[in-house]
Amino acid sequence: VKMIWLVSVPYDKAEGNAGKKAAYEHLHRKLSVDKKLCDCYEFVLPSDLKPGDSYGLITLAEELAKHDSQVEQMTTKALRIHFEMKEVEEKDFTPMIVRSNGLNDEVSNLEPYLQYFKWDDAQFRTNTPLKDIVKQLMYDCNDLDDELKKKQQDYLSIKTNIQSLLRKKDGNLMVKPLDGIIKEEHIVETEYLSTKFVVVPLASEKQFLSTYESFCEMVVPDSAFEIDRDGEYVLYAVSMIKKLAEHFVESCKEHRYIVRPFEFDEERFNLAQEEEDKLFEKRHSQRTHLRDLSSLAFSQMFSSWIHLKAIRVFVESVLRYGVGQKFVVALLRVHRNMTKIHRVLKKEYSHLADEHFSEMMKYQETNPMPSPYGLEMHPYVLLTLNTDDHPLLKLN
């Protein structure tokens, strides 16, 4: 199992930035230097986030667990669409995130974005209450998701139309359109003569050629002309006296040969070809647009998702350690040794658990209960992200 953890631990606010630095370095040394259990990076939160009152934070914490799951689903769906529109092998696919600095866009892989996370104050203004930041974040994600759904549906609709068209064109001579197969020179239509187009099973071809002239009086001798064949059938043109043409058709039915009705119309053929070309052009245009939109949607949703996790770890830390208490957050890339990491963390921070919290932990150990999405109960705050669930993110 490969995971990303966000771990929050408090420090003495009287020590200011020096205390914050010391708290992170202690965590880093214990996990990444001394024991080499995982990679450890400081996950920097803004210093001016507005927590609000305790009741509002409790309500927000419950909402955040649901929002976290929703944004994760939207993010991974956008990524899946983008991958499908890129039409590359999974091993050659690398998801990217685009960040605007006001002048131009910065493009980076996801790992550097996480490891050197920087709060986007232009999009998520810290001078507004947390609940308002979350509300706007969810509105933007849902709006993008709705647009993506619509564009994906448009693309799938035209793709279905093309598949239906290709199925007809790729079908056998019994069902495929004959426009473009039968040429004007294949047709003899005069005041007295008519041409019929007969689809004959390959297994019956010799029999047909030896008997078709007897299907009615006055079939033009040796007039059977092969126009096309596929793996099952062969298409012949046969000419006969016009007034006996229907008799020829009935005889074909009796011998289980199919006469395909056809009327040559070059304008209709050209128009159909033009419509087909437009359909393919439209599919290409919509695929390109969906590819670009899904890239943009994924980039913004992934950023929103990580900001949402940042807000969650902030809210949980305030609720756990108290309003006004300072804390530092670390991002851990955990590939294994999860039990050992927990052992180290509990040894270092077991003093954070008061009597009530210790009783809750003991109860959970003997009576496992599902935790709020991605949140685990420990003396320290821990928020997890299971990267094995999302291989396309390439965070492993």
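No experiment lies behind these values; they were computed from the predicted model shown. Going along each chain's sequence as written, the residues are numbered from 1 onward. Given that the model is predicted, a residue must reach a pLDDT of at least 70 before its local features are reported, and side-chain atom pairs must reach 80 or more before they are shown or counted; all residues, however, enter totals for whole chains, interfaces and linings. Side-chain numbers come from the whole structure's heavy atoms, not from hydrogens or water.

J.: How do you make sense of the overall build of the protein chain when you look at a structure like this?
T.: Each helix and strand in the protein chain was counted, giving nine helices and 11 strands. Atoms counted for the radius of gyration: C-alpha only. Globule rule: 2.2 Å times residue count to the power 0.38. What you see for the protein chain is a C-alpha radius of gyration of 35 Å, clearly larger than the 21 Å of a compact globule of 396 residues, by over 25%. Only protein chains enter the calculation, and the probe is 1.4 Å; a residue is then buried if its accessible area is under 20% of its type maximum, exposed if over 50%, and partly exposed in between. Among the 396 residues that make up the protein chain, the fraction classed as buried is 41%. Whether two residues touch is decided by their heavy atoms; if any such pair falls within 4.5 Å, the residues are in contact. By sequence separation, contacts in the protein chain at least 24 residues apart represent 78% of the contacts at least 6 residues apart. Accessible surface area values rest on a Shrake-Rupley calculation with a 1.4 Å probe, where residue burial reflects the displayed protein chains alone. Just so you have it, the protein chain exposes about 22,200 Å², and 50% of that area is on carbon and sulfur atoms. Positive: Lys, Arg. Negative: Asp, Glu. His and the chain ends are not part of the count. Lysine's charge is taken at NZ, arginine's at CZ, aspartate's at CG and glutamate's at CD. Looking at the protein chain, you have 54 positive and 65 negative side-chain charges, and the mean spots of the two groups are 8 Å apart. To qualify as a helix, a DSSP run of H or I must reach at least 4 residues; to qualify as a strand, a run of E must reach at least 2; elements of each kind are numbered from the N terminus.

J.: What is the right way to read helix α7 (residues 266-321) from this model?
T.: An α-helical turn contains 3.6 residues, so any two residues separated by three or four positions project in the same direction. By this rule, a helix spans an expected 1.5 Å times one less than how many residues it contains. Spanning 56 residues, α7 covers 80 Å between terminal C-alpha atoms, matching the ideal 82 Å at 1.5 Å per step. A positive phi of about 105° marks G322, the residue just after α7.

J.: Honestly, the pattern of salt bridges in this entry has me stumped. Any pointers?
T.: Pairing of side chains with opposite charge becomes possible as their charged atoms draw close. Think of a salt bridge as a Lys or Arg side-chain nitrogen and an Asp or Glu carboxyl oxygen that are within 4 Å of each other. Enumeration over the complete set of coordinates arrives at 19 salt bridges. Put simply, K309 and D68 hold a salt bridge, and the shortest N to O gap is 2.9 Å. With K309 in helix α7 and D68 in helix α2 (residues 54-86), this residue pair connects regions lying 241 residues apart in the sequence. In this structure, K309 and D68 share a single accessibility class: buried. Put simply, K278 and E274 hold a salt bridge, and the shortest N to O gap is 3.6 Å. You can see K278 and its partner E274 sitting in helix α7, four residues apart, about one turn around the helix. The structure contains a network of salt bridges with shared partners spanning D39, E111 and R333.

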